Amino acid sequence: MQEDLRAILKGELCDEREMDKCLEEMDEVQLAWACENCPKKKSEEIHDYTRKLLNIRTLQKAGFPLDAEILNYDEWLDLGKVNQWLETQAPST
């Protein structure tokens, strides 16, 4: 999970926007080589559990009312760890 979060925080995540940029700049052969050698983590490689916790965190930050039973005890603990990790690892502005 920390590897996923680290990639997100460092901007080392190849998301749809990054892929579109590469598609504009390269032909099919170049793109295949670039993707194979790209150091960025592919968006689809983010673990489903990490994605679930990040989505819940986003809802929480947006003020969405979350029922305590939306997660089990261990998941709530993991969400707390994700929040702590992201808040302490995020570059200060």
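Calculation rules
Sequence positions are assigned chain by chain, starting from 1 and proceeding in written order. With pLDDT at 70 or above as the cut-off, local features in this predicted model cover only qualifying residues; side-chain atom pairs require 80 or more to be listed or tallied, and sums for whole chains, interfaces and linings still use all residues. As a rule here, side-chain values cover all heavy atoms of the structure and leave hydrogens and water aside. Only buried residues count toward a nonpolar core, which is a set of Ala, Val, Leu, Ile, Met, Phe, Trp, Tyr and Cys residues joined through side-chain atoms within 4.5 Å. Only protein chains enter the accessibility calculation, which uses a 1.4 Å probe; a residue is then buried when its area is under 20% of its type maximum, exposed when over 50%, and partly exposed in between. The helix and strand labels rest on DSSP assignments: H or I over at least four residues marks a helix, E over at least two residues marks a strand, and numbering proceeds from the N terminus. Throughout, a contact is declared for two residues whenever any of their heavy atoms are within 4.5 Å. Helix span, expected: 1.5 Å multiplied by one less than the number of residues in the helix. Whenever two N or O atoms come within 3.5 Å, that pair is a polar contact, provided that in protein one can donate a hydrogen and the other can accept it, and provided that, for residues adjacent in sequence, both atoms are side-chain atoms. Cavities and pockets are defined on a 1 Å grid built over the protein atoms alone: a cavity is a set of grid points where a 1.4 Å probe fits but cannot escape, while a pocket is an open set with protein on both sides within 12 Å along at least five of seven lines, and lining residues are those with an atom within 4 Å of any such point. Grid points are joined across faces, edges and corners, and a volume is the space filled by probe spheres set on the points. Ten residues, namely Ala, Val, Leu, Ile, Met, Phe, Trp, Tyr, Cys and Pro, are considered nonpolar, four, namely Asp, Glu, Lys and Arg, are considered charged, and the remaining ones, Gly among them, are considered polar.

**Some remarks on the nonpolar core**
Formed by L5, L53, I56, L71, L79, V82, W85 and L86, the largest nonpolar core amounts to 8 residues. Elements represented by at least two residues in this core include exactly helix 4 (48-61) and helix 5 (73-89). Among the elements that take part in this core, helix 5 stands out by supplying 4 residues, more than any other. Residues within four places of L71 in sequence aside, it is in contact with K52, I56, W76 and L79.

**Observations concerning helix 5**
In this model, helix 5 (17 residues) spans 24 Å end to end at C-alpha, consistent with the 24 Å of a helix rising 1.5 Å per residue. Inspection of helix 5 places E75, D78, L79, V82, N83, W85 and L86 among the buried residues, and these make up the whole buried set. As for helix 5, its buried residues are in contact with helix 1 (2-9) and helix 4. Sitting at the head of helix 5, N72 places a side-chain oxygen 3.0 Å from the backbone nitrogen of D74.

**A look at the environment of E69**
For E69, the location among the structural elements is in the loop between helix 4 and helix 5. Taking the C-alpha atoms as reference points, E69 and Q84, 15 residues apart in sequence, are found 21 Å from one another.

**A closer look at the layout of surface pockets**
Space inside the largest pocket adds up to approximately 190 Å³. Lining the largest pocket, in full, are I8, L9, L13, S43, I46, R51, L54, N55, T58 and L86. Taken together, the elements giving at least two residues each to the lining of the largest pocket come down to helix 1 and helix 4. In terms of residue count, helix 4 provides more of the lining of the largest pocket than any other element does, 4 residues in total. Of the residues in the lining of the largest pocket, the class split is 6 nonpolar, 3 polar and 1 charged.

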